[in-house]
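# Fold and contact review
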Amino acid sequence: MTTTPTPHDCFFRENFARPVIARDFLQHHLPAALLPELDLERMSISPDTFVTEALRKVYSDLIYQIPYRNTQLSVYLLFEHKSRSEHWVLLQLLRYVVASGELYRDQNPEAKSLPPIYPLVLYHGQEHWRAPAHFHDLIDPLPEALKPFVPQFGYALHDISARSNTEIKGAVLSRLVQLALRYIYSDQPAERFRELLELIAKVSRDETAMAILESLLRYFVQGTGRLDEQQARTLLEQTFSGEPLMETFIDRYIAQGEQRGEQRGEQRGRATTLLHLIERKFGPPSEPIRERITQADPDTLLRWFDRAIDARNLDEVLH
């Protein structure tokens, strides 16, 4: 079963897929000994991030290919985004490493070695990160005699959660994206959103800034659940009053908001119809199933509805 992206996943992926954001972030967070060896100006998103079915099943957030300076070799940087502490993240990373190695072997049949992978976990959840840091920590018992035969690797953890004291470094846009991830769980979403708008106002003429602002608006409305579009619109107007470019942006955002409202109404109706059909055929769905259906996109709802007509059980509907 594929993982349904959350607003956190979408915001992370939208913005760290922008090389200008990822490059600035890495300049501040790659190991000091590694940074001079890499040519960040030539970094690019690995096409496997988007098109490789095997890697989609493993599910990784974002993969960048970064060339070494003055050579044809590259290092693959795996961005893994987490909004909660996941005990088995090392197993997930290992699955990616194996799948990536198999793919590389298929694409380079003459190769006798694999390119290195640098796994970086970006965490912004509400609890402390408690997942094991090294693969050997998952194995218990692990006699000394068996250690050479068990994989041993770890990951770089960048914890930007509100519970951490991590300094948010980088240029304005990079800091903006990281702060949005940190602030998303705040009990004062309107105040945090205002701070982010004041930060983006410093670079409001930047084309990338406008794209990030649009992403930020969606994220705070969907991700906090406590900032509605009217509040967001009011804060926008207060922050950017009198700026023609921003007023045009706000007018477009209002029009899009009206369209989104109509779409959400249609989507709620489809979800209600599907839930009614499921309850008639299989009994009342559990709360997690109900939540999954109400958050599904229109295409998924239609696909599930078609399956529900002939399905013998709920698993056949939602698989």
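A brief structural summary.

It is worth spelling out the pattern of salt bridges at this point. The tally for this structure, following the rule as stated, stands at 10 salt bridges. Among the salt bridges present, the one from glutamate 14 reaches arginine 218, with a minimum N-O distance of 2.3 Å. With glutamate 14 in helix α1 (residues 7–16) and arginine 218 in helix α8 (residues 207–224), the pair connects residues that are 204 residues apart, well separated along the chain. Ionic contacts of the salt-bridge type, sharing partners, join the residues Glu80, Lys82, Arg84 and Glu86 into one network.

Attention shifts here to the packing of helix α2 (residues 19–29) against helix α6 (residues 172–183). In helix packing, the relevant descriptors are the interaxial angle and the interaxial distance, both defined with respect to the helix axes. Between α2 and α6, the shortest axis-to-axis distance is 9 Å and the interhelical angle comes to 85°. When the interaxial angle is binned, α2 and α6 end up roughly perpendicular. In this structure, α2 uses Ile21, Asp24, Phe25 and His29 to contact α6, whose residues at the interface are Leu173, Ser174, Val177 and Gln178. The residue makeup of the contact of α2 with α6, split by class, is 4 nonpolar, 3 polar and 1 charged.

Of all the residues in helix α9 (residues 229–239), the buried ones are Glu229, Ala232, Arg233, Leu235 and Leu236. Down the axis of α9, the sector holding all buried residues measures 165°, keeping them to one side. Taking the backbone nitrogen of glutamine 230 as reference, a side-chain oxygen 3.2 Å away marks aspartate 228 as the first, capping residue of α9.

What follows deals with the packing of aromatic side chains. Both the distance between ring centres and the angle between the ring planes are used here to describe each pair of aromatic rings. For the structure shown, the criterion picks out 12 aromatic pairs. A centroid spacing of 4.8 Å and a plane angle of 20° characterise the contact between phenylalanine 12 and phenylalanine 16, whose relative ring orientation is stacked. Remark: phenylalanine 16 and phenylalanine 12 occur in helix α1; sequence separation between them is 4 residues, near one turn of the helix. A relative accessible area of 0% places phenylalanine 12 in the buried class. Among the residues examined, phenylalanine 16 registers a relative accessible area of 0% and is labelled buried. With a centroid separation of 6.3 Å and an interplanar angle of 80°, the aromatic rings of tyrosine 64 and phenylalanine 79 are classed as edge-to-face. Of this pair, tyrosine 64 sits in strand β2 (residues 62–67) while phenylalanine 79 is found in strand β3 (residues 74–82), placing the two residues 15 residues apart along the sequence. Take tyrosine 64: its relative accessible area is 0%, and that puts it in the buried class.

The next thing to look at is the side chain of arginine 18. Counting through the fold element by element, arginine 18 comes out in the loop between α1 and α2. For the buried arginine 18, no salt bridge is present, and the opposite-charge side chain at shortest range is glutamate 14, 5.2 Å distant.

By size, the foremost hydrophobic cluster in this structure holds 51 residues, and its most contacted members are Phe16, Leu26, Ile66, Phe79, Phe193 and Phe220. If one sorts the elements of this core by residue count, α8 sits on top with 9 residues. For phenylalanine 16, the residues in contact, after removing those within four places along its chain, are Ile21, Ala22, Phe25, Leu62, Tyr64, Phe79, Leu122, Val177 and Leu181. Counting 16 residues, the second largest nonpolar core, distinct from the first, contains Tyr76, Tyr96, Leu142 and Val150.

It is worth spelling out the packing of helix α7 (residues 189–200) against α9 at this point. The contact between α7 and α9 brings their axes to 10 Å, and the two run at 40°. For the pair α7 and α9, the crossing hand works out as right-handed. Across the interface between the two elements, Ala190, Phe193, Arg194, Leu197 and Glu198 from α7 touch Ala232, Leu235, Leu236, Gln238 and Thr239 from α9. Taken together, the residues of the contact of α7 with α9 sort by class into 6 nonpolar, 2 polar and 2 charged.

Parameters and conventions
Residues numbered from 1 in each chain as written. Predicted model: local features only at pLDDT ≥ 70, side-chain atom pairs only at ≥ 80, totals over all residues. Heavy atoms only, no water. Salt bridge = Lys/Arg side-chain N within 4 Å of Asp/Glu carboxyl O. Helix = DSSP H or I, 4+ residues; strand = E, 2+ residues; numbered from the N terminus. Axes fitted to C-alpha atoms, helices over the stretch in contact; angles between N-to-C directions. Parallel < 35°, antiparallel > 145°, perpendicular 65-115°, else oblique. Contact = heavy atoms within 4.5 Å. Nonpolar A, V, L, I, M, F, W, Y, C, P; charged D, E, K, R; others polar. Buried < 20%, exposed > 50% of the residue type's maximum accessible area, 1.4 Å probe, protein only. Arc of directions from axis to C-beta. Polar contact = N/O pair within 3.5 Å; in protein donor to acceptor, adjacent residues only side chain to side chain. Phe/Tyr/Trp six-rings, centres within 6.5 Å; stacked < 30°, edge-to-face > 60°. Lys, Arg positive; Asp, Glu negative; His and termini not counted. Core = buried A, V, L, I, M, F, W, Y, C linked by side-chain atoms within 4.5 Å. Left-handed = near helix turned anticlockwise from the far one by under 90°.

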